[in-house]
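Residues per chain are reported as follows:
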Amino acid sequence: MWYNKTKQARGARKEADEMKTLYEVMDGSGKDEERLKKAGGILKAGGLVAFPTETVYGLGGDALNPASSRKIYAAKGRPSDNPLIVHICRFSDLERIAWDPDHRAAAVAKAFWPGPLTMILKKKDVIPPETTGGLDTVAVRFPSHPVAQRLIDAAGGFVAAPSANTSGRPSPTSARYVAEDMDGKIDMILDGGDVGIGLESTIVDLTEKEPMILRPGYVTQEMLEEVLGSVSTDRTILDASSDVRPRAPGMKYRHYAPQGDLAIVEGEPDKVVRRINELCAEAAGQGKKTGVIATDETVRLYHADCVRSVGSRLDEAAIAHSLYRILREFDDEGTQVMYSEAFSDRGMGQAIMNRLLKAAGHHVIPV
Ligand code: TXA
Ligand code: MG
């Protein structure tokens, strides 16, 4: 089993403070209630539980407990100036932790919650600075995944949860990837199967007069504009040359990075295929293991050690769903040099290209 293999591989470098991570599969049976109760108890006692959401797996701790937030940073190896998202499971809990003076948050919640949308608002005092990286604002999300909702409820209503990956790795889209990164470091993993969306939630900042998207996701700018009127997008999102600091502290880190070198090749489709094949041949000549992120339309045209399709170029949802899994598969295969096709940046494509550009350290090769 993959899970045991992961454990064996880690065995050699077992750390002294490593804990036993409980692993519970949510199977839809009557036993799920017991599992959630146990998980909720762990969170209430200050422990950490990874759980599925509709976007990616989260690494949960009690958002009102400063010690839990400190543990989250330690388990992820995450810089403590990078704030966490507080997850809730009731509309009415929003006003317990954040201010909504102009009722914009209520309107956005009505339109997109429960769902893949996070709002930045001025925080109330119940949220400790440890949870918000010292900021006086708080990120709030009400996820739609039923396991997430039931767990948040069982934990008392406020669960701080970043994505459940080691800092710098792609966010986990299934429980096996959570185990790869977190086994031995957290109390429990709740396995609720593969996630639906595969990329993290859209983040919109409502603390300024004009709302601003700090991280693109499934909920697009157009969708938000229907509720809020004019919405802008943090220009650091797709622009590498910008020396402005991103407004979401987490967006400044080189995220989602595979272990090998990734570059995006952009241009007319047949030129892209030809150039990627040339580049792979060159790398192979230097004895390097090569990988290609292709689409259903082109997957048969490439020659590399590892060729993976993210789905049809026309199906943004499929691309979003498989991108992180493929980046992790390249790591598993030990791929050293990787090339990806570029994708449209319309709609959800903006979120896809944002994550891909970050994974590639903004290395784009035009043809
Ligand atoms: O889909 C998601 O949002 C997932 C699931 C688990 O809900 N969570 C997630 O959390 O992606 P994380 O911690 O990996 O990313 C949160 C991002 C970071 O870039 C962080 O800097 C930003 O949100 N953020 C959090 N609080 C903020 C705040 N008060 N102001 C600005 N940015 C904030
Ligand atoms: Mg993350």
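The paragraphs below set out a description of the structure included in this document. (Residues numbered from 1 in each chain as written. Chains lettered and ligands numbered in written order. Predicted model: local features only at pLDDT ≥ 70, side-chain atom pairs only at ≥ 80, totals over all residues. Heavy atoms only, no water.)

## Things to note about the site of ligand 1
Here is step 1: The full set close to ligand 1 counts 29 residues, and Thr-55, Asn-82, His-87, Ser-201 and Gly-250 are the nearest of them.
Here is step 2: The side chain of Asn-82 places a nitrogen or oxygen atom 2.7 Å from an oxygen atom of ligand 1.
Here is step 3: Protein chains bury 99% of the 680 Å² of accessible surface belonging to ligand 1 in isolation.
Here is step 4: Listing elements by their share of the shell around ligand 1, those giving two or more residues are strand S4 (85-87), strand S6 (137-141) and strand S10 (212-215).
Here is step 5: Residue contributions to the shell around ligand 1 peak at four residues, all from S6. (Near = heavy atom within 4 Å. Polar contact = N/O pair within 3.5 Å; in protein donor to acceptor, adjacent residues only side chain to side chain. Areas by Shrake-Rupley, 256 points an atom, 1.4 Å probe, with all protein chains shown as cover. Helix = DSSP H or I, 4+ residues; strand = E, 2+ residues; numbered from the N terminus.)

## Topic: unusual backbone geometry
Here is step 1: Residue Trp-113 is joined to Pro-114 through a cis peptide bond whose omega torsion reads -10 degrees.
Here is step 2: With respect to the helices and strands, Pro-114 occurs in the loop between helix H5 (104-112) and strand S5 (117-122).
Here is step 3: Despite not being glycine, His-103 has its phi angle at roughly 65 degrees, a positive value.
Here is step 4: Relative to the elements of secondary structure, His-103 occurs in the loop between helix H4 (94-97) and H5.
Here is step 5: Even without being a glycine, His-362 presents a positive backbone phi close to 60 degrees.
Here is step 6: Among the secondary structure elements, His-362 is positioned in the loop between helix H11 (349-359) and strand S16 (364-366).

## Here we look at the sheet that holds strand S13 (residues 290-294)
Here is step 1: Spatially, five strands are ordered S14-S13-S15-S12-S16 in an open sheet, and the strand pairing comes out parallel. Looking at which strands have only one partner, the edges of the open sheet turn out to be strand S14 (306-309) and S16. Recorded for the sheet is a direction-independent mean angle of 20 degrees between the axes of neighbouring strands.
Here is step 2: Here strand S12 (residues 261-266) runs beside strand S15 (residues 337-341); their pairing, made up of five bridges, is parallel. Its bridge partner lying in S15, Ala-263 is registered against Tyr-339.
Here is step 3: The sheet contacts of helix H9 (residues 269-285) involve S12, S13, S15 and S16, and relative to S15 the element is tilted by about 180 degrees. (Pairing = 2+ DSSP bridges. Axes fitted to C-alpha atoms, helices over the stretch in contact; angles between N-to-C directions. Contact = heavy atoms within 4.5 Å.)

## Quick word on a negative patch on the surface
Here is step 1: On the surface, a cluster of negative charge is made up of Asp-296, Glu-297, Asp-315 and Glu-316.
Here is step 2: Structurally, the position occupied by Glu-297 is in the loop between S13 and S14.
Here is step 3: A residue is classified by how much of its surface remains accessible, and Glu-297, at 40% relative accessible area, is partly exposed. (Patch = residues over 30% accessible without salt bridge, like charges linked within 9 Å, V, L, I, M, F, W, Y side chains within 5 Å. Salt bridge = Lys/Arg side-chain N within 4 Å of Asp/Glu carboxyl O. Lys, Arg positive; Asp, Glu negative; His and termini not counted. Charge placed at Lys NZ, Arg CZ, Asp CG, Glu CD. Buried < 20%, exposed > 50% of the residue type's maximum accessible area, 1.4 Å probe, protein only.)

## Looking at the environment of Phe-343
Here is step 1: Within the secondary structure, Phe-343 is located in the loop between S15 and H11.
Here is step 2: Remark: the alpha-carbon pair of Phe-343 and Leu-314, spanning 29 residues in sequence, is separated by 9.5 Å.
Here is step 3: Setting aside residues no more than four positions away along its own chain, Phe-343 makes contact with Ile-293, Thr-295, Val-310, Arg-313, Ile-319, Ile-352, Met-353 and Leu-356.

## Some remarks on the pattern of salt bridges
If the charged atoms of two oppositely charged side chains come close together, the side chains can form a pair.
Here is step 1: Counted under the stated rule, the structure contains 23 salt bridges.
Here is step 2: With its nearest N and O atoms 3.2 Å apart, the salt bridge here joins Asp-93 to Arg-90.
Here is step 3: Residue classification places Arg-90 among the partly exposed residues on the basis of a relative accessible area of 35%.
Here is step 4: Where Asp-331 meets Arg-169, a salt bridge forms, and the shortest distance between an N and an O atom there is 2.7 Å. Residue Asp-331 is located in helix H10 (residues 316-333), and its partner Arg-169 is located in the loop between strand S7 (159-160) and helix H7 (175-182); the two are separated by 162 residues in the primary sequence.
Here is step 5: Classification of Asp-331 as buried rests on a relative accessible area of 9%.
Here is step 6: Linked through salt bridges whose partners overlap, the residues forming this network are Glu-24, Asp-27, Asp-32, Arg-35 and Lys-38.

## Considering helix H2 (residues 32-44)
Quick reminder: α-helices carry 3.6 residues per turn. Residues three or four places apart thus point the same way.
Here is step 1: Taking 1.5 Å per residue, 13 residues should reach 18 Å; H2 reaches 18 Å between its end C-alpha atoms and fits that length.
Here is step 2: Within the span of H2, buried status applies to Asp-32, Arg-35, Leu-36, Ala-39, Gly-40, Ile-42 and Leu-43. Viewed end-on, H2 has its buried residues packed into an arc of 155 degrees, placing them on one side of the element. Away from its buried face, by an angle of more than 90 degrees, H2 presents the exposed residues Glu-34, Lys-37 and Lys-44.
Here is step 3: In this fold, the buried residues of H2 make contact with strand S1 (22-25), strand S2 (49-51), strand S3 (58-62), helix H6 (146-154), S7 and strand S8 (188-191).
Here is step 4: Among the residues trailing H2, Gly-46 stands out with phi positive, at a value near 95 degrees. (Expected span 1.5 Å × (residues − 1). Arc of directions from axis to C-beta.)

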